[in-house]
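Overview (structure and organization)
Each chain, letter by letter, is given below.
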Amino acid sequence: MSLPLNAASKSGLNASPVVELRQYTLKPGRRDTLIDIFDGHLIEGQEAAGMTIIGQFRDLDRPDMFVWLRGFDGMVARKNALTAFYEGPGWAAWRDAANATMISSDDVLLLKPAWPGAGFDLSGAHRAALPGHEKPSRDNRLSDIVVIKIHHLRPGAEADFGSRFETDAIPVLAAHGARPLAAFVSEHAENSFLRLPVRSGENVFISVTAFGSADAHESVEAALAAAPAWQAFEREAQSCLARSTETLRLSPTSQSLLGR
């Protein structure tokens, strides 16, 4: 089966065949400064260069982490788009201010859809009008969140884990009120833009799921833990895992296409 939200995706802002998951470690207290710069000044230039800025987030559990996703039409298109943006006037104007907020920007996973139709469907998405100043203090227990799970797989386990997730996990998630958005595996092609490093040698399966609130996510996780079908999926999938799964609980910024 395909993911519920993108089964009919054919064109427009939808499943990029190459996606970056980027996690930035920031200087203490500088996250909202970077978000103001990014949302206010860096989205338009990247998209004009040929990228899709899919989503950008505050990490609810790590106050100095900024997490975002961007997509490309392929590895050659990635090289061309990144070259155009990082050698262009938009980045030159805001590079120093953005870099001043960061400790590290090298935690990057290069990904591709886990199966045909497993990428994001953004065909109905649009950005809200840019506010004069975003207030970051809204109650995330009452607002949409996006949860990314990074499953670290044993070599050669991608197909087995992906098949189990598509067949067994997605129906259970949807039945319990979660909204599966996309699923990815590692893209092992050579990095086509060496100025920006990516994590090499990774073998991951990544699921992206939306929930109505942090409370809703907590309730779904509790229900899944007690569901026989979910327990069976986790038992069968365990043999595919190389180490513990990472969970990112993310609050979308006002300009994110995901989670709004």
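The name recorded for the protein in an unreviewed UniProt entry is NIPSNAP family containing protein, from Mesorhizobium ventifaucium.

**Regarding the packing of helix α1 (residues 31–48) against helix α3 (residues 89–99)**
Between two packed helices, both the angle of their axes relative to each other and the distance between the axes serve to describe the pair. The interhelical angle for the contact between α1 and α3, taken along N-to-C directions, is 175 degrees, at an axis separation of 10 Å. Between α1 and α3, the interaxial angle falls into the category roughly antiparallel. Every residue of α3 that contacts α1 at Leu34, Ile37, His41 and Leu42 is listed here: Gly90, Trp91, Trp94, Ala97 and Ala98. Partitioned by chemical class, the residues of the contact of α1 with α3 number seven nonpolar, two polar and no charged.

**A look at the pairing of strand β3 (residues 65–72)**
With eight of eight residues buried, β3 lies mostly within the body of the structure. Burial along β3 is two-sided: the face carrying Met65, Val67, Leu69 and Gly71 and the face carrying Phe66, Trp68, Arg70 and Phe72 are both buried. The pairing of strand β1 (residues 18–26) with β3 spans eight bridges and is antiparallel. Note that in β3 the partner of Val19 across the bridge is Gly71. What sits between strand β2 (residues 52–59) and β3 in their antiparallel hairpin is a turn of five residues.

**A few points about the nonpolar core**
Grouped together as the largest cluster of nonpolar side chains are 26 residues, with contacts concentrated most on Trp115, Leu153, Phe161, Phe165, Phe205, Trp230 and Phe233. Broken down by element, this core gets its largest block of residues, six residues, from helix α4 (residues 158–175). Those residues within four positions of Phe161 in sequence are excluded, and the remaining contacts are His151, Leu153, Phe205, Phe233, Ala237, Cys240 and Leu241. One finds Ile35, Met51, Phe85 and Trp91 within the second-largest nonpolar core, a separate group that totals 25 residues.

**Things to note about the layout of surface pockets**
Each pocket or cavity is described by its volume, and for the second largest pocket that value is around 280 Å³. Contributing to the lining of the second largest pocket are 20 residues, with Lys149, His151, Trp230, Phe233 and Glu234 lying nearest its centre. Secondary structure elements with two or more residues in the lining of the second largest pocket: β5 (145–152), α4, β7 (204–211), α5 (214–225) and α6 (228–237). The dominant element in the lining of the second largest pocket, judged by the number of residues it contributes, is α6, at four residues.

**Concerning the pattern of salt bridges**
Applying the stated rule across the entire model yields 15 salt bridges. With a shortest N-O distance of 2.7 Å, Arg62 and Asp59 are connected by a salt bridge. Looking at Arg62, the relative accessible area reads 29%, which means it is partly exposed. Residue classification places Asp59 among the buried positions, given a relative accessible area of 3%. The salt bridge partner of Glu202 is Arg199, with a shortest N-O separation of 3.2 Å. Through salt bridges with shared partners, a single ionic network connects Glu20, Arg22, Arg70 and Arg78.

**Thoughts on the side chain of His152**
Residue placement: His152 occurs in strand β5. Judged by its relative accessible area of 3%, His152 falls in the buried class. A polar atom in the side chain of His152 sits 2.6 Å from the side chain of Glu246. Excluding residues that lie within four positions of it along the chain, His152 makes contacts with Arg199, Glu202, Asn203, Val204, Cys240, Leu241, Ala242, Arg243, Ser244 and Glu246.

**Side note on the sheet that holds β1**
Strand order in the closed barrel formed by eight strands is β1-β3-β2-β8-β5-β7-β6-β4, and the pairing between neighbours is antiparallel. For this sheet, the mean angle separating the axes of adjacent strands, direction not counted, is 35 degrees. The pairing of β1 with strand β4 (residues 102–113) spans seven bridges and is classified as antiparallel. When the sheet's bridge partners are listed, Leu21 is paired in β4 with Leu109.

**A word on the packing of α4 against α6**
As a packed pair, α4 and α6 sit with axes 10 Å apart at the nearest point and diverge in direction by 165 degrees. Classified by the interaxial angle, the pair formed by α4 and α6 is roughly antiparallel. Seen from above, α4 lies across α6 with left-handed handedness. Contact with α4, carried on its side by Phe161, Arg164, Phe165, Asp168, Ala169, Val172 and Leu173, involves Ala229, Trp230, Phe233, Glu236 and Ala237 of α6 and no other residues of that element.

Cut-off values and rules
- Residues numbered from 1 in each chain as written.
- Predicted model: local features only at pLDDT ≥ 70, side-chain atom pairs only at ≥ 80, totals over all residues.
- Heavy atoms only, no water.
- Axes fitted to C-alpha atoms, helices over the stretch in contact; angles between N-to-C directions.
- Helix = DSSP H or I, 4+ residues; strand = E, 2+ residues; numbered from the N terminus.
- Parallel < 35°, antiparallel > 145°, perpendicular 65-115°, else oblique.
- Contact = heavy atoms within 4.5 Å.
- Nonpolar A, V, L, I, M, F, W, Y, C, P; charged D, E, K, R; others polar.
- Buried < 20%, exposed > 50% of the residue type's maximum accessible area, 1.4 Å probe, protein only.
- Pairing = 2+ DSSP bridges.
- Core = buried A, V, L, I, M, F, W, Y, C linked by side-chain atoms within 4.5 Å.
- 1 Å grid on protein atoms, 1.4 Å probe; cavity = no way out; pocket = protein on both sides within 12 Å on 5 of 7 lines; lining within 4 Å.
- Points joined across faces, edges and corners; volume = space filled by probe spheres on them.
- Salt bridge = Lys/Arg side-chain N within 4 Å of Asp/Glu carboxyl O.
- Polar contact = N/O pair within 3.5 Å; in protein donor to acceptor, adjacent residues only side chain to side chain.
- Left-handed = near helix turned anticlockwise from the far one by under 90°.

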